[in-house]
Amino acid sequence: MRAKRYKDLTGMVFSRLTVISPVGQTSNGGMIWRCMCECGMETDVRSSNLVQGVSTSCGCKRSEVMSIRAKVRNITRNRRKSRRWNSTPYDDVQEFLNS
Ligand SMILES: [Zn+2]
């Protein structure tokens, strides 16, 4: 088990997301939090993404953000980024919860 040294974000609000509870930990030590979006959807977000403002909604805002980024960056880089958005390390979380 890793030492549970992480910043407790429970109850904090990041744009459209309100942190409800910790879900688990990624393999590289980052925390994952269950968040409630303003639209009513729940989503799991890494603390680094919350703190750095990378994730500001469950995804309902993603299309807005992506369209803006697409104008700045080229399409290839944008697509690679969107793949990373969808690859939440759930296996690592399950492993953490079962250990
Ligand atoms: Zn939403």
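An account of the accompanying structure is given in this report. Each chain has its residues counted from 1, following the order in which its sequence is written. Only residues with pLDDT of at least 70 are given local features in this predicted model, and only at 80 or more are side-chain atom pairs given and counted; all residues enter the totals for whole chains, interfaces and linings.

So, the overall build of the protein chain
Logical step 1: Working definition: helices are DSSP H or I runs of at least four residues, strands are E runs of at least two. Numbering for both runs from the N terminus. Along the protein chain, the regular secondary structure elements total four helices and four strands.
Logical step 2: Our contact criterion uses C-beta atoms placed from the backbone: two residues qualify when those atoms are within 7 Å. Considering only contacts within the protein chain whose residues lie at least 6 apart along the sequence, 33% involve residues at least 24 apart.

Some remarks on the nonpolar core
Logical step 1: The nonpolar core criterion groups buried Ala, Val, Leu, Ile, Met, Phe, Trp, Tyr and Cys residues into a set whenever they are joined through C-beta atoms within 7 Å. Backbone-placed C-beta atoms define the burial measure: a residue is buried with 20 or more other C-beta atoms within 10 Å of its own, exposed with 12 or fewer, and partly exposed in between. In this structure, Leu-9, Phe-14, Leu-17, Met-31, Ile-32, Trp-33, Cys-35, Cys-37, Val-45, Leu-50 and Cys-58 together form the largest nonpolar core, which totals 11 residues.
Logical step 2: No other element matches the five residues that strand S3 (residues 31-37) contributes to this core.
Logical step 3: Once you skip the residues sitting within four places of it in the chain, Cys-35 turns out to touch Leu-17, Thr-18, Val-19, Ile-20, Glu-42, Thr-43 and Val-45.

Digging into the sheet that holds strand S2 (residues 17-25)
Logical step 1: Strand order in this open sheet of four strands is S1-S2-S3-S4, and the pairing throughout is antiparallel. Each edge of the open sheet is held by one strand with a lone partner, namely strand S1 (13-14) and strand S4 (42-46).
Logical step 2: Any two strands with at least two DSSP bridges between them are considered paired. Note: S1 against S2, two bridges, orientation antiparallel. Residue pairing across strands places Phe-14 opposite Leu-17, the latter belonging to S2.

Notes on unusual backbone geometry
Logical step 1: You will see that Ser-15, though not glycine, has its phi angle at about 55°, which is positive.
Logical step 2: Inspection of the secondary structure assignment puts Ser-15 in the loop between S1 and S2.
Logical step 3: Residue classification places Ser-15 among the partly exposed positions, given that 13 C-beta atoms sit within 10 Å.

What to know about the pairing of S4
Logical step 1: Pairing analysis gives five bridges linking S3 to S4, with the strands arranged antiparallel. Residue pairing across strands places Trp-33 opposite Val-45, the latter belonging to S4.

Notes on the environment of Gly-24
Logical step 1: Inspection of the secondary structure puts Gly-24 in strand S2.
Logical step 2: Residue Gly-24 is classed as partly exposed on the basis of its 18 C-beta neighbours within 10 Å.
Logical step 3: Spatially, the C-alpha atoms of Gly-24 and Arg-34 are 9.1 Å apart, while their sequence positions differ by 10 residues.

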